[in-house]
Amino acid sequence: MTPVLSLCTRPLAILLLLAGIVTAQTQSPAAIPESAQSDFQKWLREAHLVEHLDFQKLRRISTSSVTKDDPAKRSLQLALLFLTDETEETKAVGKFVSLLNQYQVTNGVSLPETIFYKLIQTCDWPRADAVVEIFVLEDTFAVYLDSATRQVVIREINQRDSVRQPITLPLTAVTASSGPGLAVLKGAKPTDPNTLARKIEGFFENYFVEANRKAQLHDPQFSPEPIEADYVGLKVAGVKRQVLPSDNYWEKITISVEIKSVPEGQKLVCYLSGKYASGLFGRLPSDNDYADIEESKLRSFTGTILRRLQDYFAAGAP
Amino acid sequence: MIESRLRNTISIFLIVSHVVIFLLLIVMFMLGGLTQPEFTTSLSVVVPMLAALTGLAVGYVTTVKKKAQMAAFSEELSGVYVFTTFLLPIVFVLAIAGLIIAKVTNYASFEQFKIALAAVETTFGAYTGKVLASLFDKQPEAAK
């Protein structure tokens, strides 16, 4: 019996081992959602960015986890082309920087970060494994999460798929202290680096649970991303009348909050995306039935929820 | 059952069903069971399906204004004919209503709903049309 068992179990053990190795290496989703490309292009149009940025490609590449420090080796890659009539490199880059500054002044948030978070929310991808490449004539700028500083950065890279040297773009500082996607929490930084992130995540969860209880609905479904000291990622499904208060539709909301240290305390930059679908009673719609929620309605909700978050922290975040 | 009674019953059933299905779609849309694009698509698929059958009934009703005209159809019908004439339209209408309920309660996705509607139309629509055409084909003038 023993040799027979051994013969049966050995291939099984090898298969399990291989499966373990594969699972350990592929933390990112297996594929980009089918609708991701059209959803992203639609967002570019709605955000009036198509006049400046042309969608080139969205792809998933197979990489090993060893090369993830290199932005060009990240498995989710979005390529955009900066549209310009300039033929001289320096002038084209100057125009690109002007666009970034203008966006930051108008919206209070950084355009590269906005595009980056829209990408990971649309594709449901871990932020450490995604990159946005923006071509400005012969130059390429990569927007990605820098593993050393834990911040989303924009850097120039060369054409040979390796980081050349980081250049600092002369971007304008955020002028608005609190816009629709911004909130400043005053006070000293907590001693445990993850405390603030946990509190923010807890606030969002309580907010939606209470809203559903008031509406006599079941508790929402939460899919939190692993806690990071400077980032909170959370997907909420099974809520109604949050972003679209006048419609009785199911809503699915994806929240990404970046926590940045500023002299006054901690600055939170919130990126929200949302989808809605019809349905009565308790059963949730299938993923394919969801449609995107308009940007203007999301902005209004982002402002509301961040004000509530500020109040929560002002009251001592019990 | 005599022919005039069967004709009247089926006519009323079809006309009422048509109105009820139409109102059901509107009410479900207003309650949030359908989004606007889903509502308009559903209307454009469901209403013509029923209209073809209801058209036969309405055509009959408009030709029998007087009771005497209706009395012309007093022949006794076979049991199997009456059974089939009742069964097919009832199943057809119930299937459409059931699919709408399944969609608004998310037991079916919108894609599944559209495919199922097409299947119901193919399966029952053709038979129902044939049976109703045989029932409403004879004009009262011919029976005078």
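Everything numeric in this text was worked out from a predicted model, so none of it was measured. (Residues numbered from 1 in each chain as written. Chains lettered and ligands numbered in written order. Predicted model: local features only at pLDDT ≥ 70, side-chain atom pairs only at ≥ 80, totals over all residues.)

(A) Representation of the overall build of chain B within the structure. Broken down by element type, chain B carries six helices and zero strands. Counting from the amino terminus, chain B carries its helices and strands in the arrangement α-α-α-α-α-α. Going through the 144 residues of chain B one by one, you find that 29% of them count as buried. Summarising the internal contacts of chain B: among those between residues at least 6 apart in sequence, 85% fall at separations of at least 24. (Helix = DSSP H or I, 4+ residues; strand = E, 2+ residues; numbered from the N terminus. Buried ≥ 20, exposed ≤ 12 C-beta atoms within 10 Å, placed from the backbone. Contact = placed C-beta atoms within 7 Å.)

(B) The arrangement of the confidence of the model for chain A in detail. Residue and element names in this part refer to chain A. Summarising the model, chain A shows a mean pLDDT of 80, and 77% of its residues fall at 70 or more. Predicted confidence for residues 11-26 stays below pLDDT 50, and this span has two contacts to residues more than four positions away or in other chains. Contacts of residues 160-169 to residues separated by more than four positions or lying in other chains number 16 contacts, the stretch itself having pLDDT below 50. (pLDDT = per-residue confidence, 0-100.)

(C) Spatial organisation of the packing of helix 1 (residues 3-31) of chain B against helix 5 (residues 110-136) of chain B. All names here are of chain B. At a closest axis distance of 10 Å, the pairing of helix 1 and helix 5 adopts a crossing angle of 130 degrees. Considered as vectors, helix 1 and helix 5 are oriented oblique to each other. For the crossing formed where helix 1 meets helix 5, the hand is left-handed. Contacts between helix 1 and helix 5 involve Leu6, Arg7 and Ile10 from the former and Leu132, Leu135 and Phe136 from the latter. Here the residues of the contact of helix 1 with helix 5 sort into five nonpolar, no polar and one charged. (Axes fitted to C-alpha atoms, helices over the stretch in contact; angles between N-to-C directions. Parallel < 35°, antiparallel > 145°, perpendicular 65-115°, else oblique. Left-handed = near helix turned anticlockwise from the far one by under 90°. Nonpolar A, V, L, I, M, F, W, Y, C, P; charged D, E, K, R; others polar.)

(D) Structural context of the domain arrangement of chain A. All names here are of chain A. Splitting chain A by domain gives domain 1 (36-157) and domain 2 (182-314). Centre-to-centre, using C-alpha coordinates, domain 1 lies 24 Å away from domain 2. Facing the twelve residues of domain 1 at the interface are nine residues of domain 2. Listing elements by their share of the side of domain 1 that touches domain 2, those giving two or more residues are helix 2 (36-46) and helix 4 (111-123). (Domains from an automatic or database assignment.)

(E) Structural view of the confidence of the model for chain B. Residue and element names in this part refer to chain B. Looking at chain B as a whole, its pLDDT mean stands at 86, while 90% of the residues score no less than 70. The secondary-structure element of chain B with the lowest mean pLDDT is helix 6 (residues 140-143), recorded at 46, while helix 4 (residues 79-104) shows the highest, at 93. Across the whole predicted complex the pTM is 0.73, and at the interface the ipTM reaches 0.82.

(F) Structural context of the sheet that holds strand 4 (residues 139-146) of chain A. Residues and elements named next belong to chain A. Spatially, the five strands line up as an open sheet ordered 1-2-3-4-5, and their pairing is mixed. The outermost strands of the open sheet, each flanked by one partner alone, are strand 1 (53-60) and strand 5 (151-157). The sheet shows a mean angle of 20 degrees between the axes of neighbouring strands, direction not considered. Both strand 2 (residues 76-82) and strand 3 (residues 130-136) contribute to a ladder of six bridges, which runs parallel. Pairing of Leu76 across the sheet is with Ala130, part of strand 3. Against the sheet, helix 3 (residues 89-107) makes contact with strand 2, strand 3 and strand 4, and its axis sits at roughly 130 degrees relative to strand 3, the strand it touches most. Running over the sheet, helix 4 touches strand 2, strand 3, strand 4 and strand 5 and is turned about 135 degrees from strand 3. (Pairing = 2+ DSSP bridges.)

(G) Summary view of unusual backbone geometry. Although it is not a glycine, Gln216 of chain A sits at a positive phi angle of roughly 55 degrees. Along the chain, the position of Gln216 of chain A falls in the loop between helix 5 (195-214) and strand 7 (221-224). For Asn106 of chain B, which is not glycine, the phi torsion reads 65 degrees and is therefore positive. Relative to the helices and strands, Asn106 of chain B is located in the loop between helix 4 and helix 5.

(H) Local environment of helix 2 of chain A. Residue and element names in this part refer to chain A. Those residues of helix 2 that fall on the buried side of the exposure criterion are Ala36, Phe40 and Trp43. Buried residues of helix 2, viewed axially, fall in a sector of 60 degrees; they line one side. Facing away from the buried side of helix 2, by more than 90 degrees, are the exposed residues Ser38 and Arg45. With its phi angle positive at about 55 degrees, His48 sits one or two positions after the end of helix 2. (Arc of directions from axis to C-beta.)

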